[in-house]
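Residues per chain are reported as follows:
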Amino acid sequence: MTDKTAHTGKNTGGGDVRLTGISKAYGSFNAVHPLDLTVPQGSFFALLGASGCGKTTTLRMIAGLEDPTTGTIHLGDTDVTDLPPYKRPVNTVFQSYALFPHMDISENIAFGLRRRGIKSVKKQVDDMLELVQLGDKARHKPHQLSGGQQQRVAVARALINHPQVLLLDEPLGALDLKLRRQMQLELKRIQTEVGITFVHVTHDQEEAMTMADQVAVMNGGRVEQLGAPADLYENPQTTFVANFLGTSNLIEAEVLETGGSDVLVTAGGGKLRVPGDRCTSAVRQGGKVLVGVRPEKISLAHADDAGSIADGRNRVTGRIADSSFIGVSTQYVVNSPAGAELQVYEQNIERDTRLVPGAEVVLHWNPAHTFGLDAAQDIDAGVETVEDAG
Ligand SMILES: Nc1ncnc2c1ncn2[C@@H]1O[C@H](COP(=O)(O)OP(=O)(O)OP(=O)(O)O)[C@@H](O)[C@H]1O
Ligand SMILES: [Mg+2]
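Per chain, the residues get numbers from 1 upward, laid out in the order the sequence is written. In the order they appear in the text, chains get letters beginning with A and ligands get numbers beginning with 1. At least 70 in pLDDT is required for a residue's local features to be given in this predicted model, at least 80 for side-chain atom pairs to be given and counted, and no such filter applies to totals for whole chains, interfaces and linings, which use all residues. Note that water and hydrogens are dropped before the side-chain values are worked out from all heavy atoms of the structure.

A. Highlighting the packing of helix α3 (residues 105-115) against helix α4 (residues 122-131). Note on definitions: angles span 0 to 180 degrees between N-to-C directions of axes, and those axes are lines fitted to C-alpha atoms, for helices only across the stretch in contact. Counting from the N terminus, the helices are the DSSP runs of H or I reaching at least four residues and the strands are the DSSP runs of E reaching at least two. Between α3 and α4, the least distance of the axes is 10 Å, while the angle of their chain directions is 120 degrees. In terms of axis orientation, α3 runs oblique to α4. Remark: the crossing between α3 and α4 carries right-handed chirality. Contacts between α3 and α4 pair Ile105, Ser106, Ile109, Ala110 and Leu113 from the former with Gln124, Val125, Met128 and Leu129 from the latter. Per-class residue counts for the contact of α3 with α4 are seven nonpolar, two polar and no charged. By definition in this entry, angles of less than 35 degrees are roughly parallel, angles greater than 145 are roughly antiparallel, angles of 65 to 115 are roughly perpendicular, and the rest are oblique. Crossing handedness is defined as follows: a turn of the near helix away from the far one that is anticlockwise and smaller than a right angle gives a left-handed crossing, while the clockwise case is right-handed. Note on contacts: a residue pair qualifies if any of its non-hydrogen atoms lie within 4.5 Å across the two residues. Three classes are used, and their members are as follows: Ala, Val, Leu, Ile, Met, Phe, Trp, Tyr, Cys and Pro are nonpolar, Asp, Glu, Lys and Arg are charged, and the others, Gly among them, are polar.

B. Molecular detail of the sheet that holds strand β10 (residues 222-227). Strand pairing is defined by DSSP finding a minimum of two bridges between the two strands. Pairing within the open sheet is mixed, and its six strands lie in the order β6-β7-β8-β3-β9-β10. The open sheet has two free edges, formed respectively by β6 (90-93) and β10, since each of these has just one partner strand. Strand after strand, the sheet turns through a mean of 20 degrees between neighbouring axes, direction not considered. Strands in contact with helix α5 (residues 147-159) are β6, β7 (165-169) and β8 (197-202); relative to β6, the strand with the most contacts, it is inclined by about 170 degrees.

C. Structural detail: the confidence of the model for the protein chain. A residue's pLDDT is the predictor's confidence in that residue, given on a scale from 0 to 100. On average, residues of the protein chain score 92 in pLDDT, and 95% of them reach the 70 mark or higher. Within the protein chain, the lowest mean pLDDT, 40, falls on helix α1 (residues 2-7), and the highest, 98, falls on strand β19 (residues 360-365). Counted against residues more than four places away or in other chains, residues 1-12, with its pLDDT under 50, gives 15 contacts.

D. View of the layout of surface pockets. Cavities and pockets were defined on a 1 Å grid built from protein atoms only: a cavity is a group of points that admits a 1.4 Å probe but offers it no way out, a pocket is an open group of points flanked by protein on both sides within 12 Å along at least five of seven lines, and a lining residue is one with an atom within 4 Å of any such point. Grid points are joined across faces, edges and corners, and a volume is the space filled by probe spheres set on the points. Taken as a whole, the largest pocket holds about 1200 Å³ of empty space. Lining the largest pocket are 40 residues, and of these Asn243, Gly246, Gly382, Val383 and Glu384 sit closest to its centre. Going through the elements one at a time, α7 (205-211), α9 (239-244), β11 (249-257) and β18 (339-347) are the ones with two or more residues in the lining of the largest pocket. Examining the composition of the lining of the largest pocket, we find that five residues originate from one element, β18, more than from any other. Looking at the second largest pocket, its volume works out to about 700 Å³. In terms of lining residues, the second largest pocket is bounded by 24 residues, among which Val90, Asn91, Thr92, Arg115 and Asn161 are the most central. Where the lining of the second largest pocket is concerned, the elements lending two or more residues are β6, α3 and α5. Of all the elements, β6 adds the most residues to the lining of the second largest pocket, at four residues.

E. Expanded view of the sheet that holds strand β1 (residues 17-26). In space, the four strands of this open sheet follow the order β2-β1-β4-β5, with antiparallel pairing throughout. Bordering the open sheet on either side are β2 (29-39) and β5 (78-79), each of which pairs with just one other strand. Helix-sheet contacts for helix α2 (residues 55-63) involve β1, β2 and β4 (70-75), and the interaxial angle to β1 is about 120 degrees.

F. Summary view of helix α6 (residues 177-194). In this model α6 runs 26 Å from its N-terminal to its C-terminal C-alpha over 18 residues, within 8% of the 26 Å that 1.5 Å per residue would give. For α6, the full list of buried residues reads Arg180, Met183, Gln184, Glu186, Leu187, Ile190, Gln191 and Val194. Just downstream of α6, glycine 195 is the residue with a positive phi angle, here 70 degrees. By this rule, a helix spans an expected 1.5 Å times one less than how many residues it contains. We call a residue buried when its accessible area falls under 20% of the maximum for its residue type, exposed when it is over 50%, and partly exposed in between, using a 1.4 Å probe and counting protein chains only.

Laid out in structure tokens, this is it:
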């Protein structure tokens, strides 16, 4: 397939999307603060953040649907900042996919080619139908398709124009959870197959992590952290990232020693070790810090068994406040002098029947799984509220 090779060449950098000092103000309100961002050619890139953080605005500036207040946008070596949308090699798929209801699926997909006056569209439409696995639905009308199938038509309709970059704004937002999970894998497969750069906007951290090679976590019009999903999860640099991607236990602590490869801190009367290379620079300067550990990294021992915990592990005492059986795991809430409502996820392998609410316990974990953050930030930033969930 010649088209495919035309869109790959992943390491050339020739087709990167480069935002330089790009910002957007509406009156005195800064929706997007000046940001620099490079989306590598051929990558699946996610813009992740809560409602109102500036994701759509950023995407619309790339598409040319919104004029940036400052900054420039390059596609490869071409400055496209002043080009109108239709002159940019970019297509957008929105949450409401708005297929043409009176046209069948083939005609919907062919629309972009027909508009450009291309007559023989059959081969390309068939290729697209095959790509999104809807060959048997070519003659159906949109209302005869499921939400996920309609969304695939919308993707095919955009891809048939061979954009250099496909922008997707919450394309799966209207689908129920199960279909959304299926479509995430499906979109990822399509992206790998065509090799076109995808910039995918979502507020769903699981969606961003399963699909994207790189995730930019946005908060209040700024990119807080950029990285591969596992790197963001394991090494969050801010409380917002620590809380917004999964769940983190953040413990208020005071630095005792910074000399060695580990930083030694005190929290709730006990000592904890934090690898120096997993601390932000503020932590290594001493004083108050936040110590983080993910719930699944912690083991729970009944206080009677405290003596059998291996030396060298970080440990915190507490009392179980609540436990919920989830099936694969049991999730405990533990109150401790080191912090209230610490979360602990234990896989259900051998369940200790003594681990019930009220039990005195010791939380222990490998110090290598601990990270240190600057205490001068909101400890609850990025915590999902009941209102946001869904
Ligand atoms: N045309 C506009 N005029 C004034 N303010 C706007 C305009 N468009 C967006 N905003 C504001 O800019 C901010 C960012 O909006 P944007 O649509 O980029 O957010 P988002 O991250 O896409 O959110 P969501 O997840 O809810 O779609 C919001 O506070 C929004 O109210
Ligand atoms: Mg939006």
